[in-house]
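Residues per chain are reported as follows:
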Amino acid sequence: MDDDMLSDQRELVDRIEAAGWDVTDLELSAYDSPWSDEDDPEATVTITARKPYDNETAETSGDTGEDGDDENPFRLK
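Note that the structure is a prediction, hence the values are computed from the model and not measured.

As a further point, take the overall build of the chain. If you tally the helices and strands in the chain, you get 2 helices and 2 strands. Order of helices (α) and strands (β) in the chain, N terminus to C terminus: α-β-β-α. The 77 residues of the chain split such that 8% are buried. Sequence-distant contacts in the chain: of pairs separated by 6 or more residues, those separated by 24 or more amount to 42%. Roughly 6,600 Å² of accessible area belongs to the chain as shown, and the carbon and sulfur atoms make up 45% of that amount.

So, on to the environment of Glu17. With respect to the helices, strands and loops of the structure, Glu17 is situated in helix H1 (residues 3-18). Expressed as a C-alpha distance, the spacing of Glu17 and Lys51, which sit 34 residues apart in the sequence, is 9.6 Å. The contacts of Glu17, once residues within four sequence positions are left out, are Arg10 and Val23.

Scanning the model with the defined rule gives 4 salt bridges in all. The salt bridge involving Arg10 is made with Asp14; its shortest N-O contact spans 3.0 Å. Remark: Asp14 and Arg10 occur in helix H1; sequence separation between them is 4 residues, near one turn of the helix.

Before going further, it helps to spend a moment on H1. The end-to-end C-alpha distance of H1 is 22 Å, a good match for the 22 Å that 16 residues give at a rise of 1.5 Å each. When we look at burial in H1, the residues that qualify are Met5, Gln9 and Val13. For H1, the buried positions fall inside an angular range of 75 degrees around the axis, keeping them on one side. Along H1, the residues that are exposed and aim more than 90 degrees away from the buried face are Asp3, Asp4, Arg15 and Ala18.

Okay, the side chain of Gln9 next. Secondary-structure assignment places Gln9 in helix H1. Not counting the four nearest positions on each side in its chain, Gln9 is found in contact with Leu26 and Leu28.

Where like charges cluster on the molecular surface, the negative patch consists of Asp32, Asp37, Glu38, Asp39, Asp40 and Glu42. Within the secondary structure, Asp39 is located in the loop between strand S1 (22-32) and strand S2 (41-50). Judged by relative accessible area, Asp39 falls into the exposed class, the value being 73%.

What counts, and at which threshold
- Residues numbered from 1 in each chain as written.
- Predicted model: local features only at pLDDT ≥ 70, side-chain atom pairs only at ≥ 80, totals over all residues.
- Heavy atoms only, no water.
- Helix = DSSP H or I, 4+ residues; strand = E, 2+ residues; numbered from the N terminus.
- Buried < 20%, exposed > 50% of the residue type's maximum accessible area, 1.4 Å probe, protein only.
- Contact = heavy atoms within 4.5 Å.
- Areas by Shrake-Rupley, 256 points an atom, 1.4 Å probe, with all protein chains shown as cover.
- Salt bridge = Lys/Arg side-chain N within 4 Å of Asp/Glu carboxyl O.
- Expected span 1.5 Å × (residues − 1).
- Arc of directions from axis to C-beta.
- Patch = residues over 30% accessible without salt bridge, like charges linked within 9 Å, V, L, I, M, F, W, Y side chains within 5 Å.
- Lys, Arg positive; Asp, Glu negative; His and termini not counted.
- Charge placed at Lys NZ, Arg CZ, Asp CG, Glu CD.

Structure follows, in structure tokens:
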């Protein structure tokens, strides 16, 4: 795999982490483009990240974080 691709991947992760996100999964795929006649490889980066929010933020959005009166059928109790 090209060192430039890995360097770019690291830069993307650094930016996401600097914004307060925790990277939980990362996939880098390198391939030759089927849409281009050039011999230069391309890459796709898939990043999964999570960011916890404190209860104060949830309260301002109307979500108290409590399961009391929530009738959401998709919420696990």
